Amino acid sequence: MTWRRRNVALWATAALLVMSGCGAGGGEQQSGGGGGGQASGQTTTIDFWHIGTQEPFRTVRTQQAQAFMKANPNVKINVQAIENDAFKTKMTTVAQSGELPDIYHTWGGGVLKQQVDAGLVKDITADVASWKDTIAPSAWAAYTIDGKIYGVPFDNGMVGFWYNKKLFKQAGIEQPPTTWSGLLDTVKKLKDSGITPIALAGAEKWPGHFYWSYLSMRVGGVEALAKAGQDHNFNTPDFIQAGKHLQELVALDPFQKGFLGAKYNTPDGQAALVGSGKAAMELMGQWAPNVQKEASGKGIGDDLGWFPFPAVDGGKGNGADAFGGGNGYAVSADAPPAAVEFLKFISSVDEQKRLAAEGAIQPVVKGAEEALKDENLKTVGQTLAGASGFQLYLDQAYPPAVGQQVNDSVAELIAGKKTPEQIVQEISETAKTAE
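Summarised in this report is the structure supplied together with it. (Residues numbered from 1 in each chain as written. Predicted model: local features only at pLDDT ≥ 70, side-chain atom pairs only at ≥ 80, totals over all residues. Heavy atoms only, no water.)

Strands belonging to one sheet form pairs held by backbone hydrogen bonds; the direction of such a pair is parallel or antiparallel. Strand order across the open sheet formed by three strands is β11-β10-β12, with antiparallel pairing between neighbours. The open sheet has two free edges, formed respectively by β11 (281–284) and β12 (304–307), since each of these has just one partner strand. Averaged over all pairs of adjacent strands, the angle between their axes in this sheet comes to 25°, without regard to strand direction. By the bridge criterion, four bridges tie strand β10 (residues 160–164) to β12 in an arrangement that is antiparallel. Its bridge partner lying in β12, N164 is registered against L304. Against the sheet, helix α15 (residues 375–385) engages β10 and β12, with an angle of about 5° to β12. (Pairing = 2+ DSSP bridges. Helix = DSSP H or I, 4+ residues; strand = E, 2+ residues; numbered from the N terminus. Axes fitted to C-alpha atoms, helices over the stretch in contact; angles between N-to-C directions. Contact = heavy atoms within 4.5 Å.)

In this section: the side chain of Q352. Take Q352: it is sitting in helix α14 (residues 349–357). Of the residues examined, Q352 reaches a relative accessible area of 2% and is grouped as buried. Polar side-chain contacts of Q352 include one of 3.0 Å to the backbone nitrogen of V365. Discounting chain neighbours no more than four positions away, the residues touching Q352 are F154, I346, S347, I361, P363, V364, V365 and A368. (Buried < 20%, exposed > 50% of the residue type's maximum accessible area, 1.4 Å probe, protein only. Polar contact = N/O pair within 3.5 Å; in protein donor to acceptor, adjacent residues only side chain to side chain.)

On to helix α10 (residues 237–251). Each α-helix winds once per 3.6 residues, and so residues spaced three or four apart point in a common direction. For α10, which comprises 15 residues, the first-to-last C-alpha distance of 21 Å matches the rise-based estimate of 21 Å (1.5 Å per residue) to within 8%. Regarding α10, the residues found buried are D238, F239, I240, A242, G243, H245, L246 and L249. Lining the buried residues of α10 we find α7 (180–192), α8 (206–220), α9 (222–231), α17 (400–414) and α18 (420–434). Of the residues flanking the end of α10, it is D253, one or two places downstream, whose phi is positive at about 50°. (Expected span 1.5 Å × (residues − 1).)

Once that is clear, we can look at the environment of I300. With respect to the secondary-structure elements, I300 resides in the loop between α12 (288–296) and β12. Taking the C-alpha atoms as reference, I300 lies 5.6 Å from G275; in sequence the two are 25 residues apart.

Another aspect to go through is the pattern of salt bridges. Taken as a whole and assessed by the stated rule, the structure comprises eleven salt bridges. Here K205 and D408 are joined by a salt bridge, their closest N and O atoms 3.0 Å apart. Of the two residues, K205 is situated in the loop between α7 and α8 and D408 in helix α17; the sequence distance between them amounts to 203 residues. A residue is classified by how much of its surface remains accessible, and K205, at 33% relative accessible area, is partly exposed. In this structure, the salt-bridge partner of K316 is D238, at a minimum N-O distance of 3.1 Å. Separated by 78 residues along the polypeptide, K316 in the loop between β12 and β13 (322–331) and D238 in helix α10 bring together distant segments of the chain. Through salt bridges with shared partners, a single ionic network connects E412, K418 and E426. (Salt bridge = Lys/Arg side-chain N within 4 Å of Asp/Glu carboxyl O.)

Below, the discussion takes up the environment of T236. Within the fold, T236 resides in the loop between α9 and α10. Separated by 188 residues in sequence, T236 and V424 place their C-alpha atoms 7.9 Å apart.

Looking now at the layout of surface pockets. For the second largest pocket, the calculated volume is near 530 Å³. Contributing to the lining of the second largest pocket are 24 residues, with A136, S138, N156, P363 and L384 lying nearest its centre. Looking at the lining of the second largest pocket, the elements that each hand over two or more residues are β13, α15 and β14 (390–392). The greatest single-element share of the lining of the second largest pocket, amounting to five residues, is contributed by α15. Grouping the constituent residues of the lining of the second largest pocket by class yields 13 nonpolar, eight polar and three charged. (1 Å grid on protein atoms, 1.4 Å probe; cavity = no way out; pocket = protein on both sides within 12 Å on 5 of 7 lines; lining within 4 Å. Points joined across faces, edges and corners; volume = space filled by probe spheres on them. Nonpolar A, V, L, I, M, F, W, Y, C, P; charged D, E, K, R; others polar.)

Mapped onto the elements of the fold, T430 is located in helix α18. Those residues within four positions of T430 in sequence are excluded, and the remaining contacts are A401, V402 and Q405.

This part covers the packing of aromatic side chains. In total, this model carries 26 aromatic pairs according to the counting rule given. Between F161 and Y211 the ring centres are 6.2 Å apart and the planes differ by 65°, which places this aromatic pair in the edge-to-face class. Taken together, the positions of F161 in strand β10 and Y211 in helix α8 put the pair 50 residues apart, joining distant regions of the chain. With respect to class, F161 is no different from Y211; both count as buried. Their ring planes at 45° and their centres at 4.6 Å tell us that Y163 and F168 sit as a pair that is tilted. For the residue pair Y163 and F168, the accessibility class agrees, reading buried in each case. (Phe/Tyr/Trp six-rings, centres within 6.5 Å; stacked < 30°, edge-to-face > 60°.)

As C-alpha cells, this is what we get:
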C-alpha cells in the first residue's frame, strides 16, 4: 500500500466520521503536473477513491487518470470506484488503521470538518488560488472551513422528485403537485390506478432522510435547522410537525412492496424501479437519471420529469429553498502535490463538459453548463440558481454522529417503529453528546 500513514491517535476521534453520508453517492454524486510525495524510485503514486460506479462516470474518471499519467510519466494513479455505502465502510476501516487515500470523495460539511479538525486533510487554499475563480463561488462553500479550502467540488445540485410522466397521465394527473397536500392527493390517485407511487431504498436509510429534512425546511425554515444544530435541540414543535407530515405520507402506503429491505442502485432497487417504469416517483438528487439507466438497463427516456419538493401549507419555510449538495474530492494531509494537480486537470472546462454532456454531473466549472443536454438537469440547475436559501444534506451538514442518528431515526419513523416525538428526542440527545 502507498497510502500516507497518519498518527493513529488522530483517528481515535475520527474513526466513525465517514459512517454518515447521503447518496449523492449512490449515483455519484458524485472531480497536469506532478511530483513530490511518497514515491517508488522516481514515480509518485496516488491512490484515488471515488463513488462513481455508474457509467459513463466510472470510465471517464479512469480515462482522465490515464490521460494525466500519459502527460506526467512520473505519476501513477490507482483509481478505485467504490459503491456509496461500501465506500463509507471502507473509509472507516482504513481510518481505524491510520491510513487515508491521497484523493477521496467528500460531501463537505460537518463530516469534512471533523476530518480537518483531526489533522487528516490538506489545506489546499494556496494550491487552488490560481484557478479557484473558474469554479462557481457557491460550489466551494461546503469545502471551505474557517476560511480555508479543503476540497475541490466537481458537481452541485439539489434533491427533488423525479417522476414518470406517462404514469402520471395514466392516473389522470395533469401537473406535478406544488403543495404537500397536493402530493398526498397525487399518491392517492396513483394507488387508485394500481401504480406504485414512490420507490424508496429503505435499507440504506439516507434516501428516507430527504423527506424529513425537506419537511423540516418547509415547516420551520432553513433557519430552524441551523439553530437546532447550534443549540443541539431538535425537540421543537416544527420538527415534530415535520415528522407528523411524513407520517401522513407513510399512512398512504406509498412505497413499493419490501421497500424496507431495498437498496438504492441495485437491479431491484429504488432507481431501477423508476427506471423500468414500475414506480412513478423517487425523491433523489441530480444524479438520478444516470443511476436509473444503469440500474434498470434502460431508463424511461422522455417520460422522465422533475419537480421541486412542494411547499407545506402554513409552513414558515420558503417553498423556493433548496435541499441537496454537491460532490467533491478532498486530499489527505500527506498527499503529494501531484494529487492537487490531477484535481486541477479534471476541473478544466473541457473535462467537466465531458461529464455534463452525458448528464453525469451538474457541472460547477463556469461554461461547462453549456454542454448539458438533459432538459431535466437544466431545470434542476435553473431551480437551484433561483433558490432563496440552501440546506446541505443533514447527514453531512451536522457532525457524523448526528447525521447518522437523523438517518437511523427517520428510518424508524418511516418503518412505524418510532413517533415524531421520539425521533426528535433521539436526535437531540445525540447532538448534545456529539460535540
